[in-house]
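Coordinate inspection notes
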Amino acid sequence: MWWLLLFVCACHGAPTHDTFTVSAPNGPLSVWIGSSIILPCSVSPAFTASLQVRWHRPDKYKTPVLLYENRQVQEQPADPQYKGRVSLIGQLEKGNVSLKLENVSLADSGEFVCFVAGDTWYEQASVHLIVKVMGSPPVLSVTYGGSGQVNITCVSDGWAPQPNLTWRNNGVTEIPSQNHHSATDDHGLVSVTSWLVHSSSGSKWVACSVGLPEEERKESRILPYISGVDTVELERILRDKEAEMERLKQKSEGPWKEVFISFLVLLLLSSATVFVLYRKGFIKCKDLKEAEAEYRKQDKLETESLLKTQSEEVETLKKTITELQSELDKNKGEVEAHKQQITVKLDRIQRDKEAEMERLKQKSEAQVKELEERLIASGAKVDRLKQESTGLLKTQSEEVETLKKMITELRSELETNKGEVEAHKQQITVELDRIQRDKEAEMERLKQKSEAQVKELEERLIASGAKVDRLKQESTELRSELETNKGEVEAHKQQITVELERKLRDKEAEMECLKQKSEGAFPQNHALLLTWDKLKGFKESPNMDEASVQGNLRAKGKRVQCVKPNRDQPLNTYHFILCKDPFSSGQHYWEMRIENKLSWFVGVCIDTLRGQEGVPLTLQNGCWLLCYDEDKGFFVNTEPITPLQVTISFKILGVFLDCFGHSLTFYDAESHSLLYTFHDVRSAHPLVPVLSPGVRDNKHILIL
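Residues numbered from 1 in each chain as written. Predicted model: local features only at pLDDT ≥ 70, side-chain atom pairs only at ≥ 80, totals over all residues. Heavy atoms only, no water.

1. Brief notes about the state of the cysteines
Here, disulfide denotes a covalent bond that connects the sulfur atoms of two cysteines. Condition: The rule for a disulfide is simple: a pair of cysteine sulfur atoms within 2.5 Å. Here a strand is any run of E in DSSP of at least two residues, a helix any run of H or I of at least four, and the numbering for each starts at the N terminus. The classification of residues rests on relative accessible area computed with a 1.4 Å probe and restricted to protein chains. Under 20% of the type maximum is buried, over 50% is exposed, and intermediate values are partly exposed.
Inspection of the entire model under this criterion finds 2 disulfides. Note on cysteine connectivity: C41 is disulfide-linked to C114, with sulfurs 2.2 Å apart. Looking along the S-S bond of the C41-C114 disulfide, the torsion reads about -85°, which is the left-handed sense. Of this pair, C41 sits in the loop between β3 (37–39) and β4 (42–44) while C114 is found in strand β10 (residues 110–117), placing the two residues 73 residues apart along the sequence. The class of C41 is buried, set by a relative accessible area of 3%. By relative accessible area, C114 is classed as buried at 0%. In the protein, numbering the disulfide-bonded cysteines from first to last in sequence yields the connectivity 1-2, 3-4. C579 takes part in no disulfide bond, and the closest cysteine sulfur to it belongs to C605, at a distance of 9.5 Å. Taking the relative accessible area as the measure of exposure, C579 reaches 1% and is therefore buried.

Shown next, in the form of structure tokens:
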């Protein structure tokens, strides 16, 4: 019982001055891209003598983010991407070894390891960093879905980490939607897409907002309304109108152009005059002679009223043009976020203008016809009015020409905006194509929806004669593309299935291995289960016996390596070195660094093998070994050999010899994972550590 009491006292006693702990925050830290942050890490108790601080990423131990050694920060080795961006914040004498990281980039996301080492002890802790990036405002688009329904799509990209997306009706009621999708590009930025089906409405808007948790959100709004006019048909009508305007323009370039304009303006003035007199009550339901008499009586008043009315109309027209110009400038800003919405509005405005122009044309023709009849009966009056309004007509003609030029410029600018809208449509089409490739899980639903749309298009094609051939060709191409995508999805599904089956087999093998290890971790008669901290309390650093070297090995200090490596020679037990001090009682733990080697073995053997040559290191000869060979993998030296399913990659190997429990255990010292345990390690002779770097490479093994 004396050894049990000694062990308990050693486990519960106070730690020596050579041990310490390293602590860091448990939860992740977040920071905006381009800013600075401090990654906290502290050592307790604090010390500075022989202090080594190594900040590194989990897979880059040899190229650290920052290395503090020999009382200064070392320039080499170091990761080049952190040069000039990292520093220790000071106060090392107080145990503060926190790292300051400046100009944070998206590549800095993930885990940082704070590794602290002294002469005989080391500890480490990890800090997880999340880099946040604010993405673009959401872009909304509306497409017709049939039966009074529209499909609304919301797209936003350039986020990190993945944001959340919310739909709201009139900015108040949240609209549930299950159709969310996200994708990550090569730079680690996330784009999100969502769509929903909504009732068409021209008054109640729908909002889509995107943002990170507890951060500012970006929102866009749109009216869930789309015109029923076919875009292709509208473009054809516009082209016909432009051709007709060009034809009329060419006709108007004859010698009678000025006469026609003067006559038309005169008719409009006369029509306006009659309309004003009628509204003021000067003209009532009388015969033509009485109306003419009253008209002559109010001649002077009519002329003044006419001039005033025309001036007001010119001012109104100028104001209208100014308002149109202002509205056009406003629309320029809205085009960036709502270009598809502008197309719908332009279509509606164009139809309203055409309807208004047609109505005015019919009204003007009726008024002109009436005025022509009156002018025939009042020729003298027309001559006088022509003479009095010659100067006015000239002025009005110049103003009309100026207004025409302004209207032409506005139309040209409108065409330019139309080109920008088309370019944006093409850009959105390309983006939607990219998103389409990512929607593998939704392909079947999209196929059914596309087939319904194709059927609807075919029905519309039957009614629209001239577009039949073109739309049929487009539907054929669409079906072909859908079939191609379906084949790609099926191939990808098969690839994913194979990969999942392989991972499942690997996981089952790993679970079986862990089960075997857990069942044999300690012998049944060993009453004490050691924690990792207690295990490290038995840590030693054995010294190599250079005189015991056998084979093509060279030892110096605590390192050993092969001097004449042969990559084709398999692992054997004739090249090894023993340590100086044998063990006959107690519990002993030591560690070795083994990196990127093609073959090696580590374990213990009886001390009587020292000085004997040509003796194979087998269990029968008193040797218990953990071996690795590039061709065989991990195994132990049983007869026959027992292969091990080791799925983790480790750099530091821990060995624990329990002379009381008659067991030898191997650990991955970095992850504290059990590798294998020999349970019946019994010998009448003392045991001594033995190791071999193999003969397939010249990389060394280091006893820590």
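2. Concerning the nonpolar core
Using the following cut-off: In this description, a nonpolar core means a group of buried Ala, Val, Leu, Ile, Met, Phe, Trp, Tyr and Cys residues linked to one another through side-chain atoms lying within 4.5 Å. Contact between two residues is taken to exist if any of their heavy atoms lie within 4.5 Å; hydrogens are not considered.
Within the largest apolar cluster, 49 residues are counted, with the highest numbers of intra-cluster contacts made by W600, L653, L664 and L691. In terms of residue count, strand β24 (residues 599–606) provides more of this core than any other element does, 6 residues in total. Not counting chain neighbours up to four residues away, the residues in contact with L664 comprise V604, W624, V655, F656, L657, Y676, T677, F678 and V681. Among the nonpolar cores identified, the runner-up in size contains 32 residues, and C41, V65, L106 and C114 belong to it.

3. Focus on the environment of L482
In this structure, L482 sits in helix α9 (residues 468–519). Given the relative accessible area of 11%, L482 is considered buried.

4. With respect to the pattern of salt bridges
Under the convention used in this document: By definition here, a salt bridge exists when the distance from a side-chain nitrogen of Lys or Arg to a carboxyl oxygen of Asp or Glu is within 4 Å.
With the rule as written, the count across this model stands at 16 salt bridges. Across the salt bridge formed by D607 and R610, the nearest N and O atoms sit 2.7 Å from each other. Taking relative accessible area as the criterion, D607 reaches 23% and is therefore assigned partly exposed. Close ionic contact of D680 with R682 constitutes a salt bridge, the shortest N to O distance being 2.7 Å. R682 shares its class with D680; the two are exposed. Members of the salt-bridge network, linked through shared partners, are R567, D629, E630, D631 and R696.

5. Digging into the packing of aromatic side chains
Note the following rule: Working definition: a ring pair exists when centres of Phe, Tyr or Trp rings (six-membered ring for Trp) sit within 6.5 Å. Plane angles under 30 degrees give stacked, over 60 give edge-to-face, the rest tilted.
Evaluation of the coordinates by the stated rule reveals 13 aromatic pairs. Ring centres of F538 and F656 lie 6.1 Å apart, and the angle between their planes is 45°; on these two criteria the pair is classed as tilted. Taken together, the positions of F538 in the loop between α10 (532–536) and β20 (553–556) and F656 in strand β28 (residues 652–658) put the pair 118 residues apart, joining distant regions of the chain. A single burial state applies to F538 and to F656, both of which are buried. Relative to F634, the ring of W600 has its centre 6.1 Å away and its plane inclined at 70°; by these criteria the two rings are edge-to-face. Separated by 34 residues along the polypeptide, W600 in strand β24 and F634 in strand β26 (residues 633–636) bring together distant segments of the chain. When its relative accessible area of 3% is taken as the criterion, W600 is described as buried. F634 gets classed as buried once you look at its relative accessible area, which sits at 16%.

6. Topic: the confidence of the model for the protein
How we decide: Confidence scores here are pLDDT values: one per residue, from the predictor, ranging 0 to 100.
In the predicted model, the protein carries a mean pLDDT of 78, and the fraction of residues at 70 or more is 72%. Scored below 50 in pLDDT, residues 282–288 shows 10 contacts in the model against residues more than four places distant or in partner chains. Counting interchain partners and residues more than four positions distant, the pLDDT-below-50 stretch residues 516–529 has 19 contacts.

7. Description of the sheet that holds strand β2 (residues 29–32)
As a reminder of what qualifies: We call two strands paired when DSSP finds no fewer than two bridges between them. Only the stretch in contact is used when a helix axis is fitted, and all axes are lines through C-alpha atoms; the angle between N-to-C directions ranges over 0 to 180 degrees.
The strand order across the open sheet built from 6 strands is β2-β11-β10-β5-β6-β7, with neighbouring strands paired in mixed fashion. Two strands lie at the open edges of the sheet, namely β2 and β7 (72–74), each paired on one side alone. Neighbour-to-neighbour, the strand axes of this sheet turn through a mean angle of 25°, independent of strand direction. Here strand β5 (residues 52–56) pairs with strand β6 (residues 66–69) via 3 bridges, running antiparallel.

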